[in-house]
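Commentary on secondary and tertiary structure
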Amino acid sequence: MSAQLDEKLMIPGQREQAANNKPAFAEESILNLDQVNIYYSGKAAIKEVSFPIAKQKITSLIGPSGCGKSTLLRSLNRMNDFIPEVTMDGLFTYNGQNLNAPSVDPVEVRRHIGMVFQKPNPFPKTIYKNIAWGPNINGYQKSLDELVEHSLKQAALWDEVKDRLHESALSLSGGQQQRLCIARALAMEPDILLMDEPCSALDPISTAHIEDLLFELKTRYTIVIVTHNMQQAARISDYTAFLESGELIEFGVTEQLFTMPQKQRTEEYVTGRFG
Amino acid sequence: MNQSSDNALNTSDRHLQRRHRKASLFSSFCALITFMGVALLALLLYQVCVDGIKWLDIQFLTSFPSRFPARAGILSALVGTLWLISLIALIAIPIGVATALYLEEFSKKNRLNRLIELNISNLAGVPSIVYGIIGLALFVRGLNLERSLISGALTMSLLILPVIIIASREAIKTVPMSIRHAAFALGATRWQTAWAHVLPASFPGILTGVILALSRAIGETAPLIMIGGLTYVAFLPDGPMDSFTAMPIQIYNWVARPQHEFHQLAASAIIVLLAVLLIMNAAAIVIRHKTER
Ligand SMILES: Nc1ncnc2c1ncn2[C@@H]1O[C@H](COP(=O)(O)OP(=O)(O)OP(=O)(O)O)[C@@H](O)[C@H]1O
Ligand SMILES: [Mg+2]
C-alpha cells in the first residue's frame, strides 16, 4: 500500500520542480491559528500550533492516534467548552474576529462552524427530524421538506432512505448513520465544516461518495477533515497539517507535503515507514 | 485431525462442566429468592382479599363513612385521595423534574451545588412524620392554609420531591453525552438541547420515578394525620382549600376500632387503594409505550 503511494506520489523530477516554485501560503484564510496551546487539566495536548485554514479549500489534519487531532478540531468551533478540564491559550481568528473573545457567543460560532463527529451520533428521532431540527431552531424560513431532501442527496443517502424518512434514525446502519450526520451538518449550511474521520465507518463506495461530495462542497464551504487514511488526505485535500504528540510538525500544500516533505518525520509518516 | 477438533468442542472438559454447574446453581438460588418474595406478597394479598371482599361493592364505593359497618363507605376518602394525588402531581412533578434538569444540565459543578445535591439525597431519608411537622408549621400555620387539601398536597410534595429529583437525575444521566454534543454542534443552546433531546430521551426513566414517588405519597398516613386530615368527613371537597380525608387515614381509623367489621372494612379499603395504585401504574405503562414509538 505505502509502496504504491510512494511510486504514485514521487515521480522523479517532481521533487525538484516543487522545490523551485515553492508556493507560499497565498490563499485567503478564513480561520487562523496562532500559537495555540490546549491543555487537559494543565497537561498540554496541543503545543504552540500555528497554521491558517484557507477559505473554500479542504485542509486535512493527519497524525498518529492520540496526537491531538480531535482536540484541535473541537477547539475550532468551541466544542471544547463542554469538557471542563480543557483550558486554551493562543489566538483563533475567524474572519478577523477572535473566536474566544468574551463577547463572542459560542452558540453563534457553532451555527457557522458545523461538525461531524468521529462516531455517528444521530438523535434518537426520525430521519427527517434529525435533519430538520437544526435549521428549525435557527429560524429556517424556506421549505424544510426540500431542505431535508437536498441535504440527504448531498450526503448520498437519499435513495436509501427516501421511503422511510419518518422511521427512527437508529434503524440505519452505522455507515448510513454517519452519512445522516453529514447531511444534518450540511442542512445548517455552515461556513466551515469540521469532520472528524467521517469515513472511518464507511465502505469504499460510500467513502467515494463522500469524497465526491467534499469536492463539490468545496466550491461553497471550507472543510477541515481529520483522517487516518493517507491516500484520502492526498486525494481530497488542498492543504495538510501533520501533527505528532501535540506539535505541528509540518503544514503545507498537500501535494508538496506528500511528495517532498521538509521534515524527516513527515516523510516517514506519509510513506508508512513510521516509528 | 478431524477427531481432535471434534473433541475440542465437546463439553467433556471437566473445568467447563464445573462452571456450568455453578452457573445453574446460582440461577436456581436467585429464582428461589424471587419466588419467596412474590409468595409472601401473594399471601398478604390473599389475607386482605379474604377479609375485605365481604364489604366490597358499589355501595362501599359510593357511601360516606358511618358508625354502622353495613352503611359505611369510602367515597370521601377516595375522592380526597384523588384530589391529593392530582395536586401533588401538579406541584411535585414540574418542580422535581426542573430541579433535576438544572442540576444535571445547567449548574456549574461548584461547592454550593454539591452541597445542594448532598442535601437532596439526605432529605430522601428523612422520616415522613418530620415532613408532617414541617407542613403543620409552614403551610397550615405559617401560610394560613388551614387543614386543607392544599396543605396536605404541599406537605406530600415536599416528601416526594427528593425521590423525583434523584430518579430524574439518574434518568437524565443515562442520556449519552454524544447526543448533547450533536445538538450543540448545530448551534443549539443548552435549553434547546435539554428540551428537545435530553428530556424526551430520559422521559421513560423520569416517568418510572414519578410513579414510584406518587405511589409512596398515596400510601403515606403520618404526615396527613400530623397536618390534620380529618377522620370523619361526610362531604366531598369542592376545591383545594377544603378540608379533607384520605384513604390511608380512613384505613388507619377503621383498623383502630375494636369491632371486627371495621377491620374488614379496612381490608376493603386497602383493596381499593391497591386498585388505584394499579391503575396509576398501568397508565404509566401505556404513556411510556405511546411515547417510545
Ligand atoms: N477528555 C480528556 N481528558 C484528558 N485527556 C484527554 C481527553 N481527551 C483526549 N485526551 C488526551 O489528549 C490527547 C489527544 O487526544 P485526541 O482525542 O485529540 O487524539 P486524536 O489525534 O484525535 O486521536 P485518534 O486518531 O485516536 O482519534 C490524547 O493523549 C488523549 O489521551
Ligand atoms: Mg480523534
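Cut-offs and rules
- Residues numbered from 1 in each chain as written.
- Chains lettered and ligands numbered in written order.
- Predicted model: local features only at pLDDT ≥ 70, side-chain atom pairs only at ≥ 80, totals over all residues.
- Heavy atoms only, no water.
- Helix = DSSP H or I, 4+ residues; strand = E, 2+ residues; numbered from the N terminus.
- Rg over C-alpha atoms; globule rule 2.2 N^0.38 Å.
- Buried < 20%, exposed > 50% of the residue type's maximum accessible area, 1.4 Å probe, protein only.
- Contact = heavy atoms within 4.5 Å.
- Areas by Shrake-Rupley, 256 points an atom, 1.4 Å probe, with all protein chains shown as cover.
- Axes fitted to C-alpha atoms, helices over the stretch in contact; angles between N-to-C directions.
- Parallel < 35°, antiparallel > 145°, perpendicular 65-115°, else oblique.
- Left-handed = near helix turned anticlockwise from the far one by under 90°.
- Donors = N, O, S within 2.8 Å, 3.2 Å for Na, K, Ca; no water.
- Buried area = accessible area lost by both parts, 1.4 Å probe.
- Salt bridge = Lys/Arg side-chain N within 4 Å of Asp/Glu carboxyl O.
- Near = heavy atom within 4 Å.
- Polar contact = N/O pair within 3.5 Å; in protein donor to acceptor, adjacent residues only side chain to side chain.
- Nonpolar A, V, L, I, M, F, W, Y, C, P; charged D, E, K, R; others polar.
- Phe/Tyr/Trp six-rings, centres within 6.5 Å; stacked < 30°, edge-to-face > 60°.

Here we look at the overall build of chain B
- Scanning chain B for helices and strands turns up twelve helices and zero strands.
- Overall, chain B shows an N-to-C arrangement of helices and strands of α-α-α-α-α-α-α-α-α-α-α-α.
- Over its C-alpha trace chain B gives a radius of gyration of 25 Å, far above what one expects of a compact globule, namely 19 Å for 293 residues.
- Principal-axis analysis of the C-alpha atoms places the extent of chain B at approximately 90 × 55 × 35 Å.
- Burial analysis of chain B (293 residues in total) assigns 43% to the buried set.
- For chain B, restricting intrachain contacts to residue pairs at least 6 apart in sequence, the fraction spanning at least 24 positions comes to 72%.
- Of the roughly 16400 Å² of accessible surface on chain B, 68% is carried by carbon and sulfur atoms.

Focus: helix α8 (residues 177–185) of chain B
All names here are of chain B.
- Most of α8 sits out of view: seven of its nine residues are buried.
- Residues I179, R180, H181, A182, A183, F184 and A185 constitute the buried set of α8.
- Positive phi shows up at G187, right after α8, with a value of about 80 degrees.

Points about the packing of helix α5 (residues 127–137) of chain A against helix α8 (residues 174–187) of chain A
Residues and elements named next belong to chain A.
- Direction vectors running N to C along α5 and α8 enclose 25 degrees, while the axes themselves pass 8 Å from each other. With respect to α8, the element α5 is oriented roughly parallel. Where α5 crosses over α8, the handedness of that crossing is right-handed. Facing α5, whose interface residues are I127, N130, I131 and P135, α8 presents L180, A183, R184 and A187.

Things to note about the coordination of the magnesium ion (ligand 2)
Residue and element names in this part refer to chain A.
- The protein atoms donating to the magnesium ion (ligand 2) are S70 (OG) and Q118 (OE1), with metal-donor distances spanning 1.9 to 2.7 Å. Of this pair, S70 sits in helix α3 (residues 69–75) while Q118 is found in the loop between β6 (113–116) and α5, placing the two residues 48 residues apart along the sequence.
- For Q118, a relative accessible area of 36% puts it in the partly exposed group.

Here we look at the interface of chain A and chain B
- Tallying the contact residues gives 21 residues for chain A and 16 residues for chain B.
- Of the roughly 1600 Å² buried between chain A and chain B on both sides combined, carbon and sulfur atoms contribute 72%.
- Ranking the residues of chain A by area buried against chain B places F82, F123 and W133 of chain A at the top, with a combined share of 35%.
- Across the contact surface, chain A and chain B share zero salt bridges.

A look at the site of ligand 1
All names here are of chain A.
- Around ligand 1, the structure places 14 residues, and the nearest of them are S65, G66, S70, T71 and H228.
- Take S70: an N or O atom from its side chain is 2.6 Å from an oxygen atom of ligand 1.
- Isolated, ligand 1 exposes 640 Å² of accessible area, and the fraction of that covered by the protein chains is 63%.
- Its residues assigned to classes, the shell around ligand 1 shows four nonpolar, seven polar and three charged.

Things to note about the packing of aromatic side chains
Residues and elements named next belong to chain A.
- Going through the model one piece at a time under the given rule, you end up with six aromatic pairs over all chains.
- Look at F123 and W133: their rings are 5.6 Å apart centre to centre, the planes differ by 75 degrees, and that puts the pair in the edge-to-face class. Here W133 lies in helix α5 and F123 lies in the loop between β6 and α5, a separation of ten residues in the sequence. There is no split in this pair, since F123 and W133 are both buried.
- Ring centres 5.9 Å apart and planes at 10 degrees place the aromatic pair Y239 and F251 in the stacked group. With Y239 in strand β9 (residues 239–244) and F251 in strand β10 (residues 247–253), this pair connects stretches of sequence that are twelve residues apart.
- Judged by its relative accessible area of 7%, Y239 is buried.
- Given the relative accessible area of 22%, F251 is considered partly exposed.
- Taken together, the ring pairs in this structure connect F51, Y239 and F251 into an aromatic cluster.

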